[in-house]
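Take a look at the letters that make up each chain.
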Amino acid sequence: MLLDVRRLLFVLRKGPGPQRLQAWGGVVLFTGAALWVVYKVLLFLFPILAAAVVALIGVVLIRRAIRGARPSAGESEGVRGPVTESLRRES
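Just so you know, these numbers come straight off a predicted model, no measurement behind them. (Residues numbered from 1 in each chain as written. Predicted model: local features only at pLDDT ≥ 70, side-chain atom pairs only at ≥ 80, totals over all residues. Heavy atoms only, no water.)

**What to know about the overall build of the chain**
Cut-off, in case you're wondering: A run of H or I in DSSP counts as a helix once it spans at least four residues, and a run of E counts as a strand once it spans at least two, with each numbered from the N terminus. The buried label applies to any residue whose accessible area, calculated with a 1.4 Å probe on protein chains only, is under 20% of its type's maximum; exposed applies above 50%, and partly exposed to all values in between. Per-residue accessibility takes into account occlusion by the displayed protein chains alone, with areas from the Shrake-Rupley method and a 1.4 Å probe.
Check the secondary structure of the chain and you find 3 helices and 2 strands. Counting from the amino terminus, helix and strand elements in the chain follow one another as α-α-β-β-α. The burial tally for the chain puts 4% of its 91 residues in the buried class. A total accessible area of about 8600 Å² is found for the chain, and carbon and sulfur atoms account for 70% of it.

**Brief notes about a nonpolar patch on the surface**
Put simply, the rule reads: Patch membership is restricted to residues that have no salt bridge and whose relative accessible area is over 30%. Joining uses 9 Å for like charges and 5 Å for the nonpolar side chains Val, Leu, Ile, Met, Phe, Trp and Tyr. Take a side-chain nitrogen of Lys or Arg and a carboxyl oxygen of Asp or Glu: if they are within 4 Å of each other, that pair is a salt bridge.
A surface patch of nonpolar side chains, amounting to about 560 Å² of accessible area, comprises V37, V41, F44, L45, I48 and L49. When you line up the elements, V37 lands in helix α2 (residues 17-68).

**Details of the packing of helix α1 (residues 2-14) against α2**
Put simply, the test is: For helices, the fitted line uses only the C-alpha atoms of the stretch in contact; every axis is such a line through C-alpha atoms, and the angle between N-to-C directions lies from 0 to 180 degrees. Oblique is the label for any angle not under 35 degrees, not over 145, and not in the 65 to 115 range, which are roughly parallel, roughly antiparallel and roughly perpendicular in turn. Here a crossing is called left-handed whenever its near helix is offset anticlockwise from the far helix by less than a right angle, and right-handed whenever the offset is clockwise. Note on contacts: a residue pair qualifies if any of its non-hydrogen atoms lie within 4.5 Å across the two residues. Gly falls in the polar group here, along with every residue not listed as nonpolar (Ala, Val, Leu, Ile, Met, Phe, Trp, Tyr, Cys, Pro) or charged (Asp, Glu, Lys, Arg).
At their nearest, the axes of α1 and α2 sit 8 Å apart, and the two run at 120 degrees to each other. Relative to α2, the element α1 is oriented oblique. Both α1 and α2 take part in a crossing whose hand is left-handed. In this structure, α1 contributes L8, V11, L12 and R13 to the contact, and α2 contributes Q19, R20, A23, W24 and V27. The residue makeup of the contact of α1 with α2, split by class, is 6 nonpolar, 1 polar and 2 charged.

**Some details on α2**
Our working rule: Here the expected length of a helix is defined as 1.5 Å per residue gap, with one fewer gap than residues. The term bend refers to the angle at a residue between two fitted axes, each drawn through seven residues, those ending there and those starting there.
Look at α2: 73 Å from first C-alpha to last across 52 residues, which is about the 76 Å you get at 1.5 Å a residue. The sharpest bend along α2 reaches about 35 degrees and sits at L45, with the proline P47 one to four residues further on.

**Description of the confidence of the model for the chain**
It should be kept in mind that the predicted coordinates are not to be read in detail where pLDDT is low. Rules: Values of pLDDT, the confidence the predictor places in each residue, fall between 0 and 100.
Averaged over every residue, the pLDDT of the chain is 85; the share at 70 or more is 78%. Here strand β1 (residues 77-78) stands out as the element of the chain with the lowest mean pLDDT, 54, in contrast to α2, whose mean of 94 is the highest.

Written as structure tokens, this is what we have:
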């Protein structure tokens, strides 16, 4: 593999005219195809990533709302158990 890369670099820099032109054409086509594939993959993944970010923001907002909520005056027991005396004195 490394030997092939060295040969390619040699042909690109100092090879005969027709071989150099052919090597540059191959490099341009290969690079263009690789960039096209990366573009298509990112174009496909962008809506999925955007939806995941929106869902994560929703989960964070729900958790913050639940964590900051206090039980109403009529509720003596919540999800975490009975209300302690110190909480009753604060209200």
